[in-house]
Structure formats: structure tokens, C-alpha cells
Amino acid sequence: MTDEKTVAVRLEGRVQGVWFRAWTQEEALARGLRGHVRNETDGSVTALLSGPEEAVRGMLEALHDGPPAARVEKVEAREVEAPAELHGFQIVR
């Protein structure tokens, strides 16, 4: 069985108003990941990614580029415990 991994990610740069959350949701679902993504009041975007370790690693690599209109300047990721009930991948308002 594949090892599961959960990471909390914070992204800085031009990451709001550039379709970042919807792009992240599409990419995460395509990789079979669970979690969520949200805009923060300081202009950053945060995400929780949970799933097979290889899929999480691939998603983290993709987040360094983001969607075409984004300009990602910083990606911080830290491993965390997966919440007990985590289903699907949501955009949190």
C-alpha cells in the first residue's frame, strides 16, 4: 500500500485573483488528493494536501508554478496530521 502524507502549504506572490484556488482544486483532484485551498487575508493562499506520498510530492512541485497568471514567490510546506474526516478537495471561502 502507498504511504499517505498530509502537508499544510502556504504560498506567497501573485496568488489571489489569478484562478489559483480553482486550478489547485483541479490539479489536486486529478492526483487523487483530499484537502482544501483558501485565500488568506494577507494575500497568501493556504492549502491542505493529503493522499499518496508521490501524489503530494507532485502537487507540491506543481504549486511552485501555479496557473499561468500566477507568480509564485514562496512555497512553505510542513507535514501535519491528517484530519479524521477528510473527503474530496474543497475551495474554502
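Above this text sits the structure in question.
Residues numbered from 1 in each chain as written. Predicted model: local features only at pLDDT ≥ 70, side-chain atom pairs only at ≥ 80, totals over all residues. Heavy atoms only, no water.

(A) Representation of the sheet that holds strand 2 (residues 34-39) within the structure. Strand order in this open sheet of five strands is 4-1-3-2-5, and the pairing throughout is mixed. A strand with exactly one partner marks an edge of an open sheet, and here the two such strands are strand 4 (71-79) and strand 5 (89-92). Within this sheet the neighbouring strands show an average axis-to-axis angle of 20°, counted without direction. (Pairing = 2+ DSSP bridges. Helix = DSSP H or I, 4+ residues; strand = E, 2+ residues; numbered from the N terminus. Axes fitted to C-alpha atoms, helices over the stretch in contact; angles between N-to-C directions.)

(B) Spotlight on the nonpolar core. Membership of the largest hydrophobic core comes to 22 residues, with the highest contact counts inside it found for V9, L11, F20, L49, L60 and L63. Secondary structure elements with two or more residues in this core: strand 1 (4-14), helix 1 (20-30), strand 3 (45-52) and helix 2 (53-63). The element best represented in this core is helix 2, accounting for six residues. Not counting chain neighbours up to four residues away, the residues in contact with F20 comprise L11, V15, V45, L63, G66, P67, A70 and V72. (Core = buried A, V, L, I, M, F, W, Y, C linked by side-chain atoms within 4.5 Å. Buried < 20%, exposed > 50% of the residue type's maximum accessible area, 1.4 Å probe, protein only. Contact = heavy atoms within 4.5 Å.)

(C) Expanded view of the pairing of strand 3. Counting buried positions along strand 3 gives seven out of eight residues, so the element sits mostly inside the fold. Here eight bridges tie strand 1 to strand 3, and the two strands are oriented antiparallel to one another. Bridge pairing links A8 to L48 in strand 3. Relative to strand 3, strand 2 is paired through six bridges, and the arrangement is antiparallel. Residue pairing across strands places H36 opposite L48, the latter belonging to strand 3. Connecting the antiparallel pair strand 2 and strand 3 is a turn made up of five residues, with G43 showing a positive phi of about 95°.

(D) Representation of the environment of R78. With respect to the helices and strands, the residue R78 is situated in strand 4. Ignoring sequence-local partners within four residues, the contact set of R78 consists of T6, V7 and A8.

(E) The side chain of S50, seen in detail. For S50, the position within the fold is in strand 3. Accessibility expressed as a relative area gives 1% for S50, which makes it buried. A polar contact is formed between the side chain of S50 and the side chain of T6, at a distance of 2.7 Å. S50 has contacts with K5, T6, L33, R34, V56, A82 and L86, leaving out every residue within four places of it along the chain. (Polar contact = N/O pair within 3.5 Å; in protein donor to acceptor, adjacent residues only side chain to side chain.)

(F) Quick peek at unusual backbone geometry. Residues other than glycine seldom take positive phi values, yet W19 does so here, at roughly 70°. Structurally, the position occupied by W19 is in the loop between strand 1 and helix 1.

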